Amino acid sequence: MARIGRIGFPLAAVCAVIAGSAWLTPDASDQPPPISVSVDGSARQLAAGSTLADAVASLGLHPRAGDLVDVTGVTLRTSVYPGTVLVDGAAVAANDRLRSGDRLRLQPGPDRTEPVTVRRVPVPGGEPADPEYYLGRVPGEEVTVQGKISGKVASSAFHATGPASVPHAVALTFDDGPWPGQTLRILAILRRLHAPATFFVVGDLAEHFPRLIAAERRTPGVLVEDHSWTHPLVPPFGEQRPKTVRFQIARTLQTLTAEGVHATLFRPPGGGWSDKVVAIASSLGVRLVLWSVDPRDWAAGATAKGVAHSVLTHVHAGS
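Everything numeric in this text was worked out from a predicted model, so none of it was measured.

(A) Structural context of unusual backbone geometry. Look at the link from Asp 130 to Pro 131: it is a cis peptide, with omega at 5 degrees. Looking at the secondary structure, you find Pro 131 in the loop between strand S8 (116-127) and strand S9 (138-147). Its identity is not glycine, yet Asp 88 carries a phi of approximately 55 degrees, on the positive side. Position of Asp 88 among the secondary structure elements: in the loop between strand S5 (84-87) and strand S6 (103-107). Looking at Asp 88, the relative accessible area reads 34%, which means it is partly exposed. Located in the positive-phi region is His 194, a residue other than glycine, with phi close to 55 degrees. For His 194, the location among the structural elements is in the loop between helix H3 (182-193) and strand S12 (197-201).

Shown next, in the form of structure tokens:
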């Protein structure tokens, strides 16, 4: 019995030590439960008491930084303007504690455009409008906006400061193909009448019929100008993407330059224009020219007599 007693005592002591140890160390179930948050719609877990800074570090939250771009949209410097981690749609301090159910959203940093300089040059003698509907010269000032870092021109616009001076004359213009047969017949009439005119040509056709462009150039008083590359009408030209507008104008200018023509005017297909079209055309060195009298020779059932009557009825000085 004594041996048994000697063995039993140490066992009791061991049990007491184990029990004491369990009492001294907190059970895992006593720890606060983790909190559940969402990051851009995805559920994530964080330790209780986590701050926004803790979440950024533990979850690797790195919103995209914004770039510095020039006035034409080309990147000058990348990752300049830091993004933000929003909590429930608002910016909070890094040491603010998060709560279960908080919605975290990674907001990219903004792309910012370089600062600009504005230059104003008086034009007391005036210049034609842009876009131009009527003949005439208007006194005013040329306002140029230029990127301070890149030096690129963002826009160049003429602001009128007085009434227009309209000449006792009209401008005759043709939205020409050019087309074999018709173009040469029109040129023959112009030569016979000693009448100056402007031909706005479609670049794709000009490239196919270089001899017609040469014939226009040889005709006294005739100017050859830009009427886009393929004459797109849908959507209206003023609603076309800037990249498309630039291509349509520039590609035709290249073709005309190769044929010895220095074009300075652009007529948009269908007369569709916007401030963006004017700005892009200006950056390419051309001014928009529209019209005030449409003879509607393109309409179904149009006749030579009807076209002549329509023009003579509506024309006046400056048309």
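(B) Fine view of the packing of aromatic side chains. Tallying each qualifying case throughout the model produces two aromatic pairs. Where Phe 174 meets Phe 199, the ring centres are 5.1 Å apart and the plane angle is 25 degrees; that geometry is what we call stacked. With Phe 174 in strand S11 (residues 173-176) and Phe 199 in strand S12, the pair connects residues that are 25 residues apart, well separated along the chain. On the basis of relative accessible area, Phe 199 is assigned to the buried category, the value being 0%. Ring centres of Phe 237 and Phe 266 lie 5.7 Å apart, and the angle between their planes is 50 degrees; on these two criteria the pair is classed as tilted. Within this pair, whereas Phe 237 is found in the loop between strand S13 (222-226) and helix H6 (242-258), its partner Phe 266 is found in strand S14 (residues 265-266), the two being separated by 29 residues in sequence. The exposure classification of Phe 237 matches that of Phe 266, with both residues buried. Positioned above the aromatic ring of Trp 229, the side-chain terminus of Arg 251 is 4.2 Å from the ring centre.

(C) Molecular detail of the pairing of S6. Two elements, strand S1 (residues 35-39) and S6, share two bridges in a ladder whose sense is parallel. From the neighbouring strand, Ser 38 faces S6, where its bridge partner is Arg 103. As paired elements, S5 and S6 share four bridges and run antiparallel to each other. Among the inter-strand pairings, Val 85 is bridged to a residue of S6, identified as Leu 106.

(D) Inspection of the sheet that holds strand S4 (residues 75-81) at higher detail. Here three strands make up an open sheet; going across it, the order is S4-S3-S7 and the pairing mixed. The open sheet has two free edges, formed respectively by S4 and strand S7 (112-113), since each of these has just one partner strand.

(E) Representation of the packing of H3 against helix H5 (residues 210-218) in the model. The interhelical angle for the contact between H3 and H5, taken along N-to-C directions, is 5 degrees, at an axis separation of 10 Å. Taken together, H3 and H5 sit at an angle that is classed as roughly parallel. When H3 is examined against H5, the residues Thr 183, Leu 184 and Leu 187 are found in contact with a partner set consisting of Leu 212, Ala 215 and Glu 216. Its residues assigned to classes, the contact of H3 with H5 comprises four nonpolar, one polar and one charged.

(F) Representation of the sheet that holds S1 within the structure. Reading across the sheet, the four strands line up as S2-S1-S6-S5 and stay open at both edges, with mixed pairing between neighbours. Of all strands in the sheet, those bounded by a partner on one side alone are strand S2 (42-46) and S5. Here the average twist between neighbouring strands, direction ignored, is 30 degrees. Packed onto the sheet, helix H2 (residues 52-59) meets S1, S2, S5 and S6 and runs at close to 110 degrees relative to S2.

Conventions and cut-offs
- Residue numbers here run from 1 along each chain, matching the order of that chain's written sequence.
- This being a predicted model, a pLDDT of at least 70 is required before a residue's local features are given, and a value of 80 or more before pairs of side-chain atoms are given or counted; all residues contribute to the totals for chains, interfaces and linings.
- Only heavy atoms go into the side-chain values, all of them from the structure, while hydrogens and water stay out.
- Working definition: helices are DSSP H or I runs of at least four residues, strands are E runs of at least two. Numbering for both runs from the N terminus.
- Relative accessibility thresholds used throughout: buried, under 20% of the residue-type maximum; exposed, over 50%; partly exposed, between the two (1.4 Å probe, protein chains only).
- Two rings from Phe, Tyr or Trp (for Trp, the six-membered ring) form a pair when their centres sit within 6.5 Å of each other. Planes less than 30 degrees apart are called stacked, planes more than 60 degrees apart edge-to-face, and all others tilted.
- By the criterion adopted, a ring carries a charge over it if an Arg CZ or a Lys NZ lies within 6 Å of its centre and within 35 degrees of its normal.
- Note: two strands are recorded as paired if DSSP finds a minimum of 2 bridges between them.
- Only the stretch in contact is used when a helix axis is fitted, and all axes are lines through C-alpha atoms; the angle between N-to-C directions ranges over 0 to 180 degrees.
- Put simply, angles under 35 degrees are roughly parallel, angles over 145 are roughly antiparallel, angles from 65 to 115 are roughly perpendicular, and the rest are oblique.
- The contact rule is simple, with two residues in contact once any of their heavy atoms fall within 4.5 Å.
- Each residue receives one of three labels: charged for Asp, Glu, Lys and Arg, nonpolar for Ala, Val, Leu, Ile, Met, Phe, Trp, Tyr, Cys and Pro, and polar for the others, Gly being one of them.

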